[in-house]
Amino acid sequence: MAAAAEPGARAWLGGGSSRPGSPACSPVLGAGGRARPGPGPGPGPERAGARAPGPAAAPGHSFRKVTLTKPTFCHLCSDFIWGLAGFLCDGSCGPLLRSPGTPQAQVLCCLPQGPGGARAPLRSDCRQCHQDGHQDHDTHHHHWREGNLPSGARCEVCRKTCGSSDVLAGVRCEWCGVQAHSVCSAALAPECGFGRLRSLVLPPACVRLLPDGFSKTQSFRIVEAAEPGEGGDGADGSAAVGPGRETQATAESGKQTLKIFDGDDAVRRSQFRLITVSRLAGPEEVLEAALRAHHIPEDPGHLELCRLPPSSQACGTWAGGKAGSAVISEEGRSLGSGEATPEAWVIRALPRAQEVLKIYPGWLKVGMAYVSVRVTPKSTARSVVLEVLPLLGRQAEGPESFQLVEVAMGCRHVQRTVLMDEQPLLDRLQDIRQMSVRQVSQTRFYVAESRDVAPHVSLFVGGLPPSLSPEEYSSLLHEAVATEATVVSVSHVYSQGAVVLDVACFAEAERLYVLLKDMAVQGRLLTALVLPDLLHAKLPPDSCPLLVFVNPKSGGLKGRDLLCSFRKLLNPHQVFDLTNGGPLPGLHLFSQVPCFRVLVCGGDGTVGWVLGALEETRYRLACPEPSVAILPLGTGNDLGRVLRWGAGYSGEDPFSILLSVDEADAVLMDRWTILLDAHEAGSAENGTADAEPPKIVQMSNYCGIGIDAELSLDFHQAREEEPGKFTSRLHNKGVYVRVGLQKISHSRSLHKQIRLQVERQEVELPSIEGLIFINIPSWGSGADLWGSDSDARFEKPRMDDGLLEVVGVTGVVHMGQVQGGLRSGIRIAQGSYFRVTLLKPTPVQVDGEPWVQAPGHMIISAAGPKVHMLRKAKQKPRRAGTTRDARADAAPALEGDPR
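Residues numbered from 1 in each chain as written. Predicted model: local features only at pLDDT ≥ 70, side-chain atom pairs only at ≥ 80, totals over all residues. Heavy atoms only, no water.

### As for the side chain of T483
Inference 1: Following the sequence through the fold, T483 ends up in the loop between α8 (470–481) and β21 (488–494).
Inference 2: For T483, a relative accessible area of 13% puts it in the buried group.
Inference 3: When residues no more than four places from it in sequence are discounted, the contact partners of T483 are L477, H478, V488, E508, R511 and L512. (Helix = DSSP H or I, 4+ residues; strand = E, 2+ residues; numbered from the N terminus. Buried < 20%, exposed > 50% of the residue type's maximum accessible area, 1.4 Å probe, protein only. Contact = heavy atoms within 4.5 Å.)

What follows is the structure, given as C-alpha cells:
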C-alpha cells in the first residue's frame, strides 16, 4: 500500500492493511519520524504541524468511536478484532485525499515529518545521518519506523509477537534494529546504542553537513536517476514519459498525441508526458488533460499551454517565456497537423497580482498548523515573517530571531533553503512555476528560529592534472569556473590530481558543484563531491568505524546492490562508490579519525587501487595503518581466498559480512614496488632516447611476465570490446580457457628474452614460457603455484616474510595442470630484491592488470612498511540478541534509494 504525504512525495508502506474498516489506533509520529504512543483517541501531543481544533486544521488524526462490523486488525497491537467498539480515523487530512475514510487517510496521519515539519517519504533508509548545524546532540535516540516487521518478530519488552503481514504493526529502530510494540517502545531507553554494529557505525552526532542548498542525493554522493512514476501510464490513460516511447494516434481515429512538459526543468531533462486528445478538442479540454497527466491540482484558469520550439526539444534547453511561441486559444482548436513527431507544449503559469500563501511554524510549539497570508508584489520574506509572528502568538519575540525557510520536496529528497530578507515572494513563486508548475504544490514555507550557522561547504574536486601546487590549482579552477577568491579557498591538495575546496557561501558552492561535476579539464572529466565534516573528537572511545569502498562494476554488477545495502546498515556517509572519485574522498573524510578499518568490495585490482591510495596518503592519516578487509567481487580473488573471505560474493547477508569484519583477525602482508625503466635499454639498442618514461607500480599478489601476462592481456582486450558479456565468473573463466587454447601451439622461449638478477646475483633461467613473482600462496583463481613440498634450498613462503618466490611455467598446458592441482611451478629463486632485463617488448601483468612493456629494466623491491589486512575468523560471528533481525532490510536494493 502506498500513500502520498505531499504531492510528489511517495511512501512505501509494505505490509499495511488495505481495508477501509481498519481502525487507526497507531502511535502519533513526531518530527523526524520518531514514534510516540498516543494515550488514546484524539490528537497526540502538541507538536509542529499537529492538528489543532478548528476548521483550518492540518493533516492529523481525527478519531471517532465506531462499532466494527467486519473482521479487522488493530493498527497498534495487530490483534484480531470484530464486533467490538473501536476508534477509527475519519481521515479528514486535507485536500490531498480523494475522500474521507479511505485506507490512505488512515496511513497518511502517521507519516513521519521531515525538516520543518514537511512530510517526507517513509522509507527504510530515511534516517538522520548527520547534524545539519541547526541541532547539535551528543547522544542519538532511536529512529523508529512503524510497520514492515517480519511476521515472527518479537517485542523487545513483552517478548510477544509484534509483527504482522496484515497491518503496519510495531516499530523498529533503523539504527540498532530493536523492535517492539508501539506502546511497549515507551518503556525502552530513548538512547540508541546502534546494536551489534555499534563499533563499525559512524554515529550521526559525529558528522556535520551544512550545505542547505544541496539535495540528499548530492550530499550522499548517489547517482541521480529518473523520478519514479515517470515511466508509466499517465493519469488519463495516455502513453508513458520520456524520449523513445512516443505513441502516435492514427489519423483515422480523429485523435492526436501531444508532448507535455511542466516547466523548464522538464525540458532540460527531456522528461515529458504524452496525452491523447481529440483533434477538435478545445484549449480548456487540452489543458485539463495536461494537468491530469502531470497531477497538477492548480486552477486551470491560472495556467496556459505554450508551444515549445522543436530546436529546444532537440538540445534540451529553452529560455522560457512566450516570445516566438504559440499559445492555445479558441482560434487554434486543432492543435496538431498529423506530423510524424508529436507537438511539444509546456505548461506556463499566468502572472498573478497576488496569492494566498500558507506559512507553517517550523520547530515552533504553537497551537495551530499553519496561517494564511496574502502575498503581493511588495511582500518580501522579512515582511511575511513580521506579519506571521503575531498570528502564531510569537509577537513578543524579536523578529530578527526568525527566518523564512523554503522546503521543497522531491521524490528522493527534501531540500531546505533559507530565503534572504529582501527576497520578493511573489517573484519566487513565479520562478518555481517557471521551472516546474507542479513543484509549487510540493513546496512549503516555514517560519523558523534563526540559527547563526556560518556557511561552510567542503567540495572535493578530482580528475585535475596531477602534481600541481595549490596556487596552480587555484588559478586553474578560477579560469575554468571563475571562483570567487573571497569565499573559495583550497584547503587540501593531493598529488594524484585532487583538491578540497572550502566554500563560505552556499550559493557559490552549489554553482561550483553544478559546473564542475560535468566539466572536463585537459581532456579529463572532473568529479565534484560534497563532503561532510567528521567531528572525530565526538567519537566514542571504543569506536573503530568502518570505511567502505564499493566498486559497483565488479562481480557482475553485484556491487550496486551491496552499495545500497551497506548504506542502509551503516551511516551512508561512510560508504563510498569508487567510480565516483575513487578512494581519495573517503580517505580525506576519515583523515582525522584516530582508529578506523577499511572494507574493499571489489576484485584484486580494486584492492590494489585502495592499498595504493592508502600508501600515498599515509602521512596525512591520524590512523596511518588501518586494517583492510575484502569482500571479493572479481573473477580471480586470490587475495580474498588467502584471507578466507572466499572465492567471490554469492549473495551472502550483508549484515553477516559486517559481523565477520568486526571479528576478523589482523595480519600483516608485504607490499612491493616495481620500477619500470625502458629508457636505458631503448637508448642502448636502438640509439634513441624517446622511450617510455620510468613509472612505478605497486604489487600485492603477484607479477607475471610472458605467457601468464599474455593471457591476461587477451582477456582484458576482449572485455574492453564487449563489457556487457563479462557479468559472471563462469563466463570469464570460459573466456580464459578459450584464450589459453589458442596459445597452446605458440613458442616464445622467454628464458632467451629476459635476464634475472636476485639479490644482485645473476640467475640462470630454465626453458620457460612465463616467469611469475608471487607474494601470496594463491595464483590463477586459487592455484598453489609454489607447491607444498618441502625444499631445503628455500624457506617456507609467507605473505609477511619480506620475500618473494620466483616460479616458472613451461606453457599453457603447464598452467592448466597447476590450476587443476596436478603439478606445481618450477621453483627458481626466493629473495627481496630483483632486477629483470627485458630484451624485447614483453607482456607484463601486475595483480591482474596487463600491458606490453617496452625493452628495459624492471626492479622489484619491498615497498615501505607492511600493510595490515583483516583475515576472516574461522568461527561463525557472534550475534547480539537485540539485533537478530537487524539484517531484515539489508537485502540488496536499487541504487535509486537516496540518502
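### Structural notes on the confidence of the model for the protein
Inference 1: Predicted confidence across the protein gives a mean pLDDT of 75, with 68% of residues reaching 70 or more.
Inference 2: Ranking the helices and strands of the protein by mean pLDDT puts strand β27 (residues 546–550) first, with 95, and helix α1 (residues 103–108) last, with 29.
Inference 3: Confidence drops under a pLDDT of 50 for residues 314–326, and excluding neighbours within four residues, the segment shows 27 contacts in the predicted structure. (pLDDT = per-residue confidence, 0-100.)

### Here we look at the sheet that holds strand β7 (residues 144–146)
Inference 1: Taken together, three strands build an open sheet; the order of strands is β7-β8-β9 and the sheet is antiparallel. A single partner strand is all that each edge strand has here, and the edge strands are β7 and β9 (179–180). (Pairing = 2+ DSSP bridges.)

### Looking at the packing of aromatic side chains
The geometry of an aromatic ring pair is captured by two quantities: the separation of the ring centres and the angle between the planes.
Inference 1: This structure, assessed with the given rule, holds eight aromatic pairs.
Inference 2: Where Y360 meets Y370, the ring centres are 5.3 Å apart and the plane angle is 50 degrees; that geometry is what we call tilted. Of this pair, Y360 sits in strand β15 (residues 355–362) while Y370 sits in the loop between β15 and β16 (371–375); the two residues are 10 residues apart in sequence, bridging distant segments of the chain. An identical accessibility class is assigned to Y360 and Y370; each is buried.
Inference 3: Taken together through their ring pairs, the aromatic side chains of Y360, Y370 and Y446 make up a single cluster.
Inference 4: Directly above the ring of Y360 sits R444, whose terminal nitrogen or CZ lies 4.0 Å from the centroid. (Phe/Tyr/Trp six-rings, centres within 6.5 Å; stacked < 30°, edge-to-face > 60°. Lys NZ or Arg CZ within 6 Å of the ring centre and 35° of its normal.)

### Some words on the pattern of salt bridges
Inference 1: Overall, the coordinates contain 24 salt bridges when judged by the stated rule.
Inference 2: A salt bridge links R196 to E663; the shortest N-O distance between them is 2.5 Å. Placement of R196 in the loop between β9 and β10 (207–208) and of E663 in the loop between α14 (654–662) and β31 (665–669) is noted, with a sequence separation of 467 residues between them.
Inference 3: In this structure, the salt-bridge partner of D800 is R798, at a minimum N-O distance of 3.0 Å.
Inference 4: Taking the relative accessible area as the measure of exposure, D800 reaches 26% and is therefore partly exposed.
Inference 5: One network of salt bridges, in which partners are shared, links R196, R597, D662 and E663. (Salt bridge = Lys/Arg side-chain N within 4 Å of Asp/Glu carboxyl O.)

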